[in-house]
Amino acid sequence: KNNKDNKIKDKTRKFNKKLITLYEVKKGDCLINIAKNKEIFNDPWLWPLIYKANRDQIRNPHYIYVGQKLFIPRNIKPEIISPTRKEAKYLIKKQK
């Protein structure tokens, strides 16, 4: 059992090391595309999480700039995923 627990801990550590926590904005990026990235959230509708985590440098979620280094939050509670998706869709509709 102890050996099995150690293997699980090792796999968890390796998985967590692979998760990006800092993303540098590239030409053509937007928060939706960043959130959609498999290495980020693999879900475009979670872009408000990136926006909220970086409000100190993003005034308007529609304007991000090449070279900005954005913090990618990783301690996301499952219960905020559904409300975040709804918020993202609402904000997109509101802009149209």
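Since we're looking at a predicted model, the values are computed, not measured.

Examining the overall build of the chain
On a plain count of helices and strands, the chain comes out with 4 helices and 2 strands. Helices and strands in the chain line up, N terminus first, as α-β-α-α-β-α. Summed over all atoms, the accessible surface of the chain reaches about 7,600 Å², with 52% contributed by carbon and sulfur.

Topic: the side chain of D43
Of note, D43 is situated in the loop between α2 (31-36) and α3 (47-53). There is a polar contact of 2.9 Å between the side chain of D43 and the backbone nitrogen of W45.

Notes on the environment of I58
On the secondary structure map, I58 appears in the loop between α3 and β2 (69-71). Classification of I58 by relative accessible area gives buried; the value is 2%. Between the C-alpha atom of I58 and that of L70, which follows or precedes it by 12 residues, the distance is 9.2 Å. Excluding residues that lie within four positions of it along the chain, I58 makes contacts with L31, Y51, Y63, I64, Q68 and L70.

Concerning the pattern of salt bridges
One pass over the structure, following the stated rule, counts 3 salt bridges. Across the pair R85 and D43 runs a salt bridge whose closest N-O atoms are separated by 2.6 Å. With R85 in helix α4 (residues 81-95) and D43 in the loop between α2 and α3, the pair connects residues that are 42 residues apart, well separated along the chain. Judged by its relative accessible area of 33%, R85 falls in the partly exposed class.

Section: the nonpolar core
Counting 19 residues, the largest nonpolar core has L31, I34, I40, F41 and I50 as the members making the most contacts within it. For this core, the secondary-structure elements that each account for two or more residues are α2, α3 and α4. The greatest single-element share of this core, amounting to 4 residues, is contributed by α3.

Considerations on unusual backbone geometry
For N42, which is not a glycine, the phi torsion comes out positive at approximately 60 degrees. One can find N42 in the loop between α2 and α3. Relative accessible area serves as the criterion here: at 51%, N42 is assigned to the exposed category.

Focus on the confidence of the model for the chain
Summary statistics for the chain give a mean pLDDT of 86 and a share of 81% for residues scoring 70 or more. When pLDDT is averaged over each element of the chain, β2 comes out on top at 98 and helix α1 (residues 2-18) at the bottom at 56.

Overview of α4
Helical geometry note: an α-helix holds 3.6 residues per turn, so side chains three or four residues apart project in the same direction. With 15 residues, α4 extends 22 Å between its outermost C-alpha atoms, agreeing within 8% with the 21 Å of an ideal straight helix rising 1.5 Å per residue. Among all positions in α4, only T84, A88 and I92 are buried. Within α4, the buried residues cover an arc of 70 degrees as seen down the axis, which keeps them to one side. Residues of α4 that are exposed and point over 90 degrees away from its buried face: K86, Y90, K93 and K94. In this fold, the buried residues of α4 make contact with α2 and α3.

The rules behind these values
- Residues numbered from 1 in each chain as written.
- Predicted model: local features only at pLDDT ≥ 70, side-chain atom pairs only at ≥ 80, totals over all residues.
- Heavy atoms only, no water.
- Helix = DSSP H or I, 4+ residues; strand = E, 2+ residues; numbered from the N terminus.
- Areas by Shrake-Rupley, 256 points an atom, 1.4 Å probe, with all protein chains shown as cover.
- Polar contact = N/O pair within 3.5 Å; in protein donor to acceptor, adjacent residues only side chain to side chain.
- Buried < 20%, exposed > 50% of the residue type's maximum accessible area, 1.4 Å probe, protein only.
- Contact = heavy atoms within 4.5 Å.
- Salt bridge = Lys/Arg side-chain N within 4 Å of Asp/Glu carboxyl O.
- Core = buried A, V, L, I, M, F, W, Y, C linked by side-chain atoms within 4.5 Å.
- pLDDT = per-residue confidence, 0-100.
- Expected span 1.5 Å × (residues − 1).
- Arc of directions from axis to C-beta.

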